[in-house]
Amino acid sequence: GAGVSQSPRYKVAKRGQDVALRCDPISGHVSLFWYQQALGQGPEFLTYFQNEAQLDKSGLPSDRFFAERPEGSVSTLKIQRTQQEDSAVYLCASSLRRTQETQYFGPGTRLLVL
Amino acid sequence: EDKVVQSPLSLVVHEGDTVTLNCSYEVTNFRSLLWYKQEKKAPTFLFMLTSSGIEKKSGRLSSILDKKELFSILNITATQTGDSAIYLCAGLNNAGNMLTFGGGTRLMVKP
């Protein structure tokens, strides 16, 4: 596709539910990143993939957060037993090469946990 | 811990005004500083600055990096209502795998 796409665009979950957020990076992009953006704040790094390898997951806030990219293309961010503090916009970005510096962002998934 | 701070938090100007947005950074193994514009959706890339003192320009927007003072500015001249957005700056580490974002500056341009 022309850009990074994410789905769903909006998700409302009841506290305790599991959610799965999908990211389709730009075709051929090696690196994929997930960020969490709380209301009124800048995005915060969650995790990073190079192809299918998750090279850095230092930003994941708890073990309820899990990300995968099994075939080195599409990625899924899963949040188990959602809490109200998980409410945020989850942004996915991709970049062409391992050392490519420009990250291109998707539109985000806005998650609201009630 | 890496930190990026932007100022002002918000700014309201009228069309035609010139604005300067500020970004200071403390990033371990710093490589580059990036500016993004965020409207309602995805942050869109504006500039990447790696070398100190070299101005990058795109239309009415320009930006420069000072690696001695750990500072960058984004200038917008002759502002238009379409410039209304949140402007984010982010520091990139040497490995190229982590962007540390500031909190953003919310710019509103009134007609």
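Residues numbered from 1 in each chain as written. Chains lettered and ligands numbered in written order. Predicted model: local features only at pLDDT ≥ 70, side-chain atom pairs only at ≥ 80, totals over all residues. Heavy atoms only, no water.

Bringing the pattern of salt bridges into the picture now. Residue and element names in this part refer to chain A. In the structure shown here, the tally under the stated rule is 4 salt bridges over all chains. Taking the shortest distance from any N to any O, the salt bridge between D86 and R64 comes out at 2.8 Å. You can see D86 sitting in the loop between β8 (75-79) and β9 (88-95) and its partner R64 sitting in the loop between β6 (53-56) and β7 (65-68), a full 22 residues away along the chain. What makes D86 buried here is its relative accessible area of 2%. (Salt bridge = Lys/Arg side-chain N within 4 Å of Asp/Glu carboxyl O. Helix = DSSP H or I, 4+ residues; strand = E, 2+ residues; numbered from the N terminus. Buried < 20%, exposed > 50% of the residue type's maximum accessible area, 1.4 Å probe, protein only.)

Here we come to the interface of chain A and chain B. In this complex, chain A contributes 22 residues to the contact, which on the side of chain B involves 21 residues. Between chain A and chain B, the buried area comes to about 1600 Å², and carbon and sulfur atoms account for 55% of it. Viewed at the interface, chain B and chain A are joined by 2 residue pairs in polar contact (both at pLDDT 80 or more). Among the secondary structure elements, those contributing two or more residues to the side of chain A that touches chain B are β4 (31-37) and β5 (44-50) of chain A. For the side of chain A that touches chain B, the element with the most residues is β4 of chain A, which contributes 3 residues. Classifying every residue of the side of chain A that touches chain B gives 8 nonpolar, 10 polar and 4 charged. (Contact = heavy atoms within 4.5 Å. Buried area = accessible area lost by both parts, 1.4 Å probe. Polar contact = N/O pair within 3.5 Å; in protein donor to acceptor, adjacent residues only side chain to side chain. Nonpolar A, V, L, I, M, F, W, Y, C, P; charged D, E, K, R; others polar.)

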